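Survey of secondary and tertiary structure
Single-letter residue listing:
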Amino acid sequence: MPRIAIIIGSTRPGRKGEAVGKWAYDIAQKRSDAEFELVDVAEFNLPVLDEMMPPALHQYSHEHTKVWSAKIASFDGFVFVTPEYNHSTSAALKNAIDFLHGEWSNKAAGFIGYGATMGSRAVEHLRQIMASLHVATVRAQVGLSMFTDFEAFSVFKPGVGQEKYVNEMLDQVIGWSGALQVLRKAE
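The present account deals with the structure reproduced in this document. Worth saying up front: this structure is predicted, and the values here are computed from it rather than measured.

The next point concerns the overall build of the chain. For the chain, the count of helices and strands is 6 helices and 8 strands. Listing each helix as α and each strand as β along the chain from the N terminus yields β-α-β-α-β-α-β-α-β-β-β-β-α-α. The C-alpha atoms of the chain give 16 Å as radius of gyration, which agrees with the globular expectation for 187 residues (16 Å, within 12%). With respect to the three principal axes, the spread of C-alpha positions in the chain is 45 × 35 × 25 Å. Taken over 187 residues, the chain has a buried fraction of 49%. Sequence separation of at least 24 residues holds for 79% of the intrachain contacts in the chain that already meet a minimum separation of 6. Of the accessible surface of the chain, which amounts to about 8900 Å², a share of 56% is contributed by carbon and sulfur atoms. Of the charged side chains in the chain, 18 are positive and 21 negative, and the gap between their average positions amounts to 3 Å.

Written out as structure tokens, the structure is:
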């Protein structure tokens, strides 16, 4: 059974990502076709990238990198929950991604973006980043608007149809995670 991480990509005080991530995780828990885990970047306390060697060499010297590496390596696919900050993803999520290389490769990823434009520009940047890491990104994605899915721009109250979009995205992430298993086994 594929293991899928739902990664909360914001570490900002007062962030909305935690509520969004937990909501997506609760939806995922109703499924029986994969095992899901909520992974919060904030809990890993990663500093700004501090490894001497390029991540592609997998020669990590710091314990925080080794812990992060083991966590990400244990999954077959990912759902990134990302805010949109200044037309891109959060610096914390980008930094966490940059710590690793092979741990991401030949896996699938889906996206849940949130913000004034439903996180669409953050997701587009993440798609480019994932492509360079050999991650297959799925077409279905979830966009949450600060205008319609958050009461007074703060309390997360997703629209009625949003759960359907989460499940469509999860269908694709799970499917592609299984399809890419052949490549992961060949490594």
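Bringing the packing of aromatic side chains into the picture now. Per the counting criterion, the structure on display carries 11 aromatic pairs. Where Phe75 meets Phe78, the ring centres are 6.4 Å apart and the plane angle is 65°; that geometry is what we call edge-to-face. No difference in accessibility class separates Phe75 from Phe78, as the two residues are buried. Ring geometry for Phe147 and Phe153: centres 5.1 Å apart, planes at 80°, overall edge-to-face.

Turning next to the packing of helix α1 (residues 17–28) against helix α5 (residues 162–179). Packing of α1 against α5 brings their axes to within 10 Å, and their N-to-C directions diverge by 70°. Between α1 and α5, the angle falls in the class roughly perpendicular. Note that α1 runs across α5; the crossing there is right-handed. Across from Trp23, Ile27 and Ala28 in α1, the residues of α5 making contact are Gln162, Glu163, Val166, Asn167 and Leu170. When the residues that make up the contact of α1 with α5 are grouped by side-chain class, the tally is 5 nonpolar, 2 polar and 1 charged.

Below, the discussion takes up the environment of Pro13. With respect to the helices and strands, the residue Pro13 is situated in the loop between β1 (3–8) and α1. For the pair Pro13 and Trp68, spaced 55 residues apart in sequence, the C-alpha to C-alpha distance is 21 Å.

Let's shift gears to the nonpolar core. Soluble globular proteins tend to bury their nonpolar side chains together. Among the nonpolar cores identified, the biggest contains 27 residues, and Val20, Trp23, Phe36, Ile112, Leu144 and Met169 are the most heavily contacted of them. Elements that contribute at least two residues to this core include exactly β1, α1, β3 (77–83), β4 (108–115), β6 (142–145) and α5. Those residues in contact with Val20 that sit more than four places away from it in its chain are Val81, Ile112, Tyr114, Leu144, Phe150 and Phe156. Among the nonpolar cores identified, the runner-up in size contains 26 residues, and Ile72, Phe80, Ile97 and Phe99 belong to it.

What follows is about the pairing of β1. For β1, the buried fraction is high: 6 of the 6 residues fall into the buried class. Neither face of β1 is left uncovered, since the one carrying Arg3, Ala5 and Ile7 and the one carrying Ile4, Ile6 and Ile8 both have all their residues buried. Relative to strand β2 (residues 35–40), β1 runs parallel, the two sharing 6 bridges. For Ile8, the partnering residue across the bridge sits in β2 and is Asp40. A crossover links β1 with its parallel partner β2, the connecting element being α1, and its sense is right-handed.

Topologically, Glu103 is positioned in the loop between α3 (91–98) and β4. Lys107 is the oppositely charged side chain nearest to the buried, salt-bridge-free Glu103, at an N-O distance of 7.8 Å. Only 3.0 Å separates the side chain of Glu103 from the side chain of His58, close enough to count as a polar contact. At 2.8 Å, the side chain of Glu103 forms a polar contact with the side chain of Tyr60. Glu103 has contacts with His58, Tyr60, Ser69, Ile72, Ala73 and Phe78, leaving out every residue within four places of it along the chain.

Procedures and definitions
Residues numbered from 1 in each chain as written. Predicted model: local features only at pLDDT ≥ 70, side-chain atom pairs only at ≥ 80, totals over all residues. Heavy atoms only, no water. Helix = DSSP H or I, 4+ residues; strand = E, 2+ residues; numbered from the N terminus. Rg over C-alpha atoms; globule rule 2.2 N^0.38 Å. Buried < 20%, exposed > 50% of the residue type's maximum accessible area, 1.4 Å probe, protein only. Contact = heavy atoms within 4.5 Å. Areas by Shrake-Rupley, 256 points an atom, 1.4 Å probe, with all protein chains shown as cover. Lys, Arg positive; Asp, Glu negative; His and termini not counted. Charge placed at Lys NZ, Arg CZ, Asp CG, Glu CD. Phe/Tyr/Trp six-rings, centres within 6.5 Å; stacked < 30°, edge-to-face > 60°. Axes fitted to C-alpha atoms, helices over the stretch in contact; angles between N-to-C directions. Parallel < 35°, antiparallel > 145°, perpendicular 65-115°, else oblique. Left-handed = near helix turned anticlockwise from the far one by under 90°. Nonpolar A, V, L, I, M, F, W, Y, C, P; charged D, E, K, R; others polar. Core = buried A, V, L, I, M, F, W, Y, C linked by side-chain atoms within 4.5 Å. Pairing = 2+ DSSP bridges. Right-handed = clockwise from strand over helix to strand, strands pointing away. Salt bridge = Lys/Arg side-chain N within 4 Å of Asp/Glu carboxyl O. Polar contact = N/O pair within 3.5 Å; in protein donor to acceptor, adjacent residues only side chain to side chain.

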